[in-house]
Amino acid sequence: MSEIKDKVVIITGASSGLGEATARRLAKNGAKLMLAARREERLKELVADIQKDGGTAKYEVIDVTNKSQVEALAKATHQAYERIDVLVNNAGLMPLSPLDETKVDEWDKMVDVNIKGVLYAIAAVLPIMRQQKSGHIINISSVSGHKVFPGGTVYCATKFAVKAISEGIRLESNGEIRATNISPGAVDTELTNTISHEETAKNVKKMYSIAIDSDAIARAIAYVIEQPGDVDVNEMIIRPIKQEL
């Protein structure tokens, strides 16, 4: 029997890209899903598709930078399914630009979504997982959480932070909470759409010509959830075979 079947999984940033691909794959494997994002119409369509195929899914419209909304997400999930087995912390932004552009508003947004949003979700589910004495937190970091590159300084800083948070969860798990840090490289998603600096956007577009499909990451997420309860896959880096960075 699949280790995924009947597990209750929250996915943030579920309305497109990695989140959507992960929702579709886990639903096919029998997971019970709570999908979260800001775009309700997309969430509605995704839930309808999953239910049409015989899967189990609900949704909540949230902004991960709003602590109260994230707490409400965890509460709604627990009320609907009576437990929370997995959190996939997927919501993220990547408005790259050189530091000299001083796009401080964009820096603030990245810190709010990529770091504080991750922490808010962890804070919301951790008490429930502790009560269950089991749980799995999967954080989507980036290859940029392993190597800094020009134009990506602040983004890289946020993803280094996610990697540190993932390791901290592992160290404080007390043998109850599994922690996985997944670091994608170039993946075909909407992530690059937030880049407002023209030259950086051009360079990234060239690099992303070799991007892999979102389902490559969804398969990795399914793999780590699929492992027996005493196995904790802590770190995965997944990128196109042609990607150098």
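See the structure shown above.
In what follows, the accompanying structure is described.

Parameters at a glance
- Residues numbered from 1 in each chain as written.
- Predicted model: local features only at pLDDT ≥ 70, side-chain atom pairs only at ≥ 80, totals over all residues.
- Heavy atoms only, no water.
- Helix = DSSP H or I, 4+ residues; strand = E, 2+ residues; numbered from the N terminus.
- Contact = heavy atoms within 4.5 Å.
- Salt bridge = Lys/Arg side-chain N within 4 Å of Asp/Glu carboxyl O.
- Buried < 20%, exposed > 50% of the residue type's maximum accessible area, 1.4 Å probe, protein only.
- Pairing = 2+ DSSP bridges.
- Right-handed = clockwise from strand over helix to strand, strands pointing away.
- Polar contact = N/O pair within 3.5 Å; in protein donor to acceptor, adjacent residues only side chain to side chain.
- Axes fitted to C-alpha atoms, helices over the stretch in contact; angles between N-to-C directions.
- Parallel < 35°, antiparallel > 145°, perpendicular 65-115°, else oblique.
- Left-handed = near helix turned anticlockwise from the far one by under 90°.
- Core = buried A, V, L, I, M, F, W, Y, C linked by side-chain atoms within 4.5 Å.

Considering the environment of L35
Okay, so step 1: When you line up the elements, L35 lands in strand β2 (residues 32-37).
Okay, so step 2: Spatially, the C-alpha atom of L35 lies 6.3 Å from that of E60, the residues being 25 residues apart in sequence.
Okay, so step 3: The contact partners of L35, leaving out residues within four places of it in the chain, are I11, A14, A23, L43, L46, V47, I50, K58, Y59 and E60.

Some remarks on the pattern of salt bridges
Okay, so step 1: For the coordinates displayed, the defined rule picks out 13 salt bridges.
Okay, so step 2: One salt bridge connects E190 with R42, and the closest N-O pair in it is separated by 2.7 Å. Of this pair, E190 sits in the loop between β6 (177-184) and α6 (198-207) while R42 is found in helix α2 (residues 40-52), placing the two residues 148 residues apart along the sequence.
Okay, so step 3: Linked through salt bridges whose partners overlap, the residues forming this network are E20, R24 and D49.

Side note on the pairing of β2
Okay, so step 1: When you tally the buried positions in β2, you get five out of six residues, the bulk of the element.
Okay, so step 2: Pairing geometry for strand β1 (residues 8-12) and β2, over five bridges, is parallel. Following the sheet pairing, I11 is matched in β2 by L35.
Okay, so step 3: Where the polypeptide runs from β1 across helix α1 (residues 17-28) and back to β2, its parallel neighbour, the crossover connection is right-handed.
Okay, so step 4: Examined bridge by bridge, β2 and strand β3 (residues 56-61) share six bridges and lie parallel to one another. Among the inter-strand pairings, L33 is bridged to a residue of β3, identified as A57.
Okay, so step 5: Handedness of the β2-α2-β3 crossover: right-handed.

Let's talk about the side chain of S183
Okay, so step 1: In this fold, S183 is placed in strand β6.
Okay, so step 2: Side chain to side chain, S183 and H146 meet in a polar contact 2.9 Å long.
Okay, so step 3: Beyond its immediate sequence surroundings of up to four residues, S183 is in contact with S141, S142, V143, H146, E235, M236, I237 and I238.

Overview of unusual backbone geometry
Okay, so step 1: Of note, the phi angle at D6 is positive, near 70°, even though the residue is not glycine.
Okay, so step 2: In this fold, D6 is placed in the segment before β1.

Topic: the packing of α1 against α2
Okay, so step 1: Direction vectors running N to C along α1 and α2 enclose 20°, while the axes themselves pass 10 Å from each other. Here α2 runs roughly parallel to α1, going by the angle between their axes. Considering only the axes of α1 and α2, their crossing is right-handed. Where α1 approaches α2, its residues E20, A23, R24 and A27 are matched on the opposing element by L46, D49 and I50.

Quick notes on the nonpolar core
Okay, so step 1: Counting 40 residues, the largest nonpolar core has L87, V125 and I137 as its most contacted members.
Okay, so step 2: Within the residue set of this core, elements represented by two or more residues are β2, α3 (67-81), α4 (104-132), α5 (153-171) and β6.
Okay, so step 3: Per-element tally for this core: the top contributor is α4, with 10 residues.
Okay, so step 4: Excluding residues that lie within four positions of it along the chain, V125 makes contacts with I10, A74, I84, L87 and I137.

Some remarks on the pairing of β1
Okay, so step 1: Burial within β1 is extensive, with five of its five residues counted as buried.
Okay, so step 2: Alternating positions in β1 separate into two faces, V8, I10 and T12 on one and V9 and I11 on the other, with burial throughout.
Okay, so step 3: Alignment of β1 against strand β4 (residues 86-89), held across three bridges, turns out to be parallel. Counted as the bridge partner of I11 is V88 from β4.

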